[in-house]
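Analysis of the macromolecular model
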Amino acid sequence: MPDHDPEAARQRYAAVDRYLDDLYGPGDPALEGARARAAAEELPDIAVSVNLGRYLHVLALACRARRILEIGTLGGYSAIWMARALPADGRLVTLEADGRHAAVARANLEEAGVAALTEVRVGAARESLADLEREDVEPFDMVFIDADKEPYAAYLSAAVRLTRTGSLIVADNVVRGGAVADGPSEDAGVTGVQRFNEALAAHPRLASVIVQQVGDKGHDGMALAVVTG
Ligand code: SAH
Ligand code: DHB
Ligand code: MG
């Protein structure tokens, strides 16, 4: 029984992800290529799953996003899914601390034909976010938070400042195998996400929900928040 055997549960979740991948077909060759290049370049295997990439794509379409901000690029996999939802004059800015990850992402975004719509900014996200605020850029319609977990609450504050009423803020990895429910943690990533979740739930300008998810990466979840007036 999945409830009693975590490994059996994980295999079951992975089987459904494979089923969903078959259901939708192989999809876009550039997306598969991006995963392959990231693996060949030995980037960490922590991109969103195929199915959650599709989820981000649908969310970007649902909020008619014309400007998207991503915090945590890795090899550009989630960025391609979201960029595929942009109109021809859309823009995606994605922030990445690691120059090697950013180089792989740029190659993948180029291969996917979305390089002209996208900008990979290399640097610590907190600094890049402060730069964006200083530049007084047009508000983003959607923000995807998916970088280091300890400063997640700070990323949320910046995301609110860089959006407008009606924008959508999404954050990955806010359940962490259920560890968020276990009380105080020694893991700075878990406590960072707990602080994020508390800030999200208490935020006067955010209508939000945290959704548990399972899949080939096990058990985690995403937060969805709409900025209100
Ligand atoms: N969104 C990607 C996965 C991102 S993994 C996808 O689904 O395809 C997290 C990324 O955040 C890694 O590439 C890591 O290098 C980057 N990162 C970690 N700390 C960071 C920081 N402080 N500023 C910017 N990027 C950071
Ligand atoms: C990690 C980061 C992620 O963004 C993710 O989706 C899974 C794992 C990590 O840092 O371990
Ligand atoms: Mg993630």
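Model, not experiment: these values are computed from the prediction.

Describing the site of ligand 2
All residues adjacent to ligand 2 are Ile-46, Asp-146, Lys-149, Asp-172, Asn-173, Arg-176 and Lys-217. One nitrogen or oxygen atom from the main chain of Ile-46 is found 3.3 Å from an oxygen atom belonging to ligand 2. Within the side chain of Asp-146, a nitrogen or oxygen atom sits 2.8 Å from an oxygen atom of ligand 2. Within the complex, 68% of the 290 Å² of free accessible area of ligand 2 lies under protein. For the shell around ligand 2, the class distribution of residues is one nonpolar, one polar and five charged.

Description of the coordination of the magnesium ion (ligand 3)
Six octahedral donors around a metal ideally sit at 90 or 180 degrees from one another, while four tetrahedral donors ideally sit at 109.5 degrees. Every protein donor of the magnesium ion (ligand 3) is accounted for by Asp-146 (OD), Asp-172 (OD) and Asn-173 (OD1), and the metal-donor separations fall at 2.0 to 2.1 Å. Mapped onto the sequence, the donors of the magnesium ion (ligand 3) take the spacing D-x25-D-N. Taken together, the residues span a long stretch of sequence, with Asp-146 in the loop between strand S4 (140-145) and helix H7 (152-161) and Asp-172 in strand S5 (residues 163-172) at a distance of 26 residues.

What about the sheet that holds strand S2 (residues 91-96)?
With mixed pairing, the seven strands of this open sheet are ordered in space as S3-S2-S1-S4-S5-S7-S6. Since the sheet does not close on itself, it has two edges, and those belong to strand S3 (118-122) and strand S6 (206-215), each with one partner. For this sheet, the mean angle separating the axes of adjacent strands, direction not counted, is 15°. In terms of strand pairing, S6 meets strand S7 (residues 218-227) through 10 bridges, oriented antiparallel. Bridged to Ser-208 within S7 is Ala-225. Taken strand by strand, helix H5 (residues 99-111) contacts S2 and S3, and its axis lies near 170° from that of S3.

Here we look at the packing of aromatic side chains
A complete count under the given rule lists two aromatic pairs for this structure. Here Tyr-152 and Phe-196 contribute two aromatic rings whose centre-to-centre distance is 5.4 Å and whose plane-to-plane angle is 70°, an arrangement assigned as edge-to-face. Of this pair, Tyr-152 sits in helix H7 while Phe-196 sits in helix H8 (residues 188-202), and the two are 44 residues apart along the sequence. Overall, the relative accessible area of 1% leaves Phe-196 in the buried class. Joined through ring pairs, the aromatic side chains of Tyr-152, Tyr-155 and Phe-196 make up one cluster. Sitting over the face of the ring of Tyr-77, Arg-35 holds its NZ or CZ atom 4.4 Å from the ring centroid. Directly above the ring of Phe-140 sits Arg-67, whose terminal nitrogen or CZ lies 4.6 Å from the centroid.

Criteria and cut-off values
- Residues numbered from 1 in each chain as written.
- Chains lettered and ligands numbered in written order.
- Predicted model: local features only at pLDDT ≥ 70, side-chain atom pairs only at ≥ 80, totals over all residues.
- Heavy atoms only, no water.
- Near = heavy atom within 4 Å.
- Polar contact = N/O pair within 3.5 Å; in protein donor to acceptor, adjacent residues only side chain to side chain.
- Areas by Shrake-Rupley, 256 points an atom, 1.4 Å probe, with all protein chains shown as cover.
- Nonpolar A, V, L, I, M, F, W, Y, C, P; charged D, E, K, R; others polar.
- Donors = N, O, S within 2.8 Å, 3.2 Å for Na, K, Ca; no water.
- Helix = DSSP H or I, 4+ residues; strand = E, 2+ residues; numbered from the N terminus.
- Pairing = 2+ DSSP bridges.
- Axes fitted to C-alpha atoms, helices over the stretch in contact; angles between N-to-C directions.
- Contact = heavy atoms within 4.5 Å.
- Phe/Tyr/Trp six-rings, centres within 6.5 Å; stacked < 30°, edge-to-face > 60°.
- Buried < 20%, exposed > 50% of the residue type's maximum accessible area, 1.4 Å probe, protein only.
- Lys NZ or Arg CZ within 6 Å of the ring centre and 35° of its normal.

Purely geometric numbers; function is a separate question.
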